[in-house]
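Structural overview for review
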Amino acid sequence: RHKEKSDDFWTMNHMKLLYLISKYSHCAQTVHEKERWIRKLPMLVLIYEGIVQKVFEYDYAPASEVVETTRVYLNVSQEGKDDLDDLVEGKLVKGLRLSTKEHQSVTAYQISPSGLALISKRLPDEERQLVDDLCIVDG
């Protein structure tokens, strides 16, 4: 029923997004390793920052989001969110539903082993460098 997406379905934006997630998450390989996940809100902020720094070719617009108990407007990329959903659907990224102490439902993301394999195969060094530069903050 679920059709496997071929390697050529994935765009360079998908690849860079996948690599970005890999920098902030970790899938434990043994019982002794720690798992790391990145929540959706910081992910949306990183996507926006990546658009501003010309890492991603997405559009963005103000969107209402709840942060703790306050409704705020953030610049959110609908295309970035769609690509994130594609990665989860394609099993390159794992999605986890969590409940906050305010009983809000949030999603967290983690790179999967197949996601790691795909970026090592498909992401050129110069594109990887753009994402690395995005993750390094001056000061």
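Residues numbered from 1 in each chain as written. Predicted model: local features only at pLDDT ≥ 70, side-chain atom pairs only at ≥ 80, totals over all residues. Heavy atoms only, no water.

**Some thoughts on the overall build of the protein**
To keep it simple, the criterion reads: Here a helix means four or more residues in a row that DSSP labels H or I, a strand means two or more in a row labelled E, and each is numbered from the N terminus. Atoms counted for the radius of gyration: C-alpha only. Globule rule: 2.2 Å times the number of residues to the power 0.38. Exposure categories follow from relative accessible area, calculated using a 1.4 Å probe and restricted to protein chains: below 20% of the type maximum is buried, above 50% is exposed, and the middle band is partly exposed. By definition in these notes, contact holds between two residues if any of their heavy atoms fall within 4.5 Å.
In terms of helices and strands, the protein carries five helices and five strands. In the protein, the order of α-helices and β-strands from amino to carboxyl end is α-β-α-β-β-α-β-β-α-α. A globule of 139 residues ought to have a C-alpha radius of gyration of about 14 Å, and the protein, at 15 Å, matches this closely. For the protein, the spread of C-alpha atoms along the three principal axes comes to 40 × 40 × 35 Å. The buried share of the protein, reckoned over its 139 residues, is 37%. Once local pairs closer than 6 in sequence are excluded, the contacts in the protein between residues at least 24 apart make up 60%.

**Observations concerning a negative patch on the surface**
Formally: Residues with no salt bridge and a relative accessible area higher than 30% make up the patches, which join like charges within 9 Å and nonpolar side chains (Val, Leu, Ile, Met, Phe, Trp, Tyr) within 5 Å. Note on areas: Shrake-Rupley with a 1.4 Å probe; residue coverage comes only from the protein chains shown. A carboxyl oxygen of Asp or Glu within 4 Å of a side-chain nitrogen of Lys or Arg is what we treat as a salt bridge. Two residue types count as positive, namely Lys and Arg, and two as negative, namely Asp and Glu; His and chain ends fall outside the count. We put the charge of a Lys on NZ, of an Arg on CZ, of an Asp on CG and of a Glu on CD.
Together, D59, E79, D82 and D85 line one region of the surface with negative charge. By the secondary structure assignment, D85 is in helix α3 (residues 78-89).

**Remarks on unusual backbone geometry**
Positive phi, close to 55 degrees, is recorded for E68, a residue that is not glycine. Residue position: E68 is located in the loop between β2 (61-67) and β3 (70-76). Of note in the backbone geometry, H103 takes a positive phi value of approximately 65 degrees without being a glycine. For H103, the position within the fold is in the loop between β4 (93-99) and β5 (105-111). On the basis of relative accessible area, H103 is assigned to the exposed category, the value being 69%.

**Thoughts on the packing of helix α1 (residues 12-24) against helix α2 (residues 40-52)**
When two helices pack together, their arrangement is given by the angle between the helix axes and the distance between those axes. We count it as follows: Fitting a line to C-alpha atoms yields each axis, with helices limited to the stretch in contact; the angle taken between N-to-C directions then spans 0 to 180 degrees. Each angle is binned into one of four classes, with values under 35 degrees roughly parallel, values over 145 roughly antiparallel, values of 65 to 115 roughly perpendicular, and all other values oblique. For any helix crossing, the convention is left-handed if the near helix is rotated counterclockwise from the far helix by under a right angle, and right-handed if that rotation is clockwise.
Taken N-terminus to C-terminus, the directions of α1 and α2 make an angle of 130 degrees; their axes are 11 Å apart at the nearest point. Comparing their axes, α2 and α1 come out oblique. The way α1 lies across α2 gives a crossing that is right-handed. Each of L17, L20, I21 and Y24 in α1 lies in contact with α2, whose residues at this interface are M43, L46 and I47.

**Notes on the sheet that holds β4**
Inclusion rule: Strands are treated as partners if at least two bridges between them are detected by DSSP.
With antiparallel pairing, the three strands of this open sheet are ordered in space as β1-β5-β4. The open sheet has two edge strands with one neighbour each: β1 (38-39) and β4. Note that β1 and β5 share two bridges and pair antiparallel. Opposite I38, over in β5, you have Y109 as the bridge partner.

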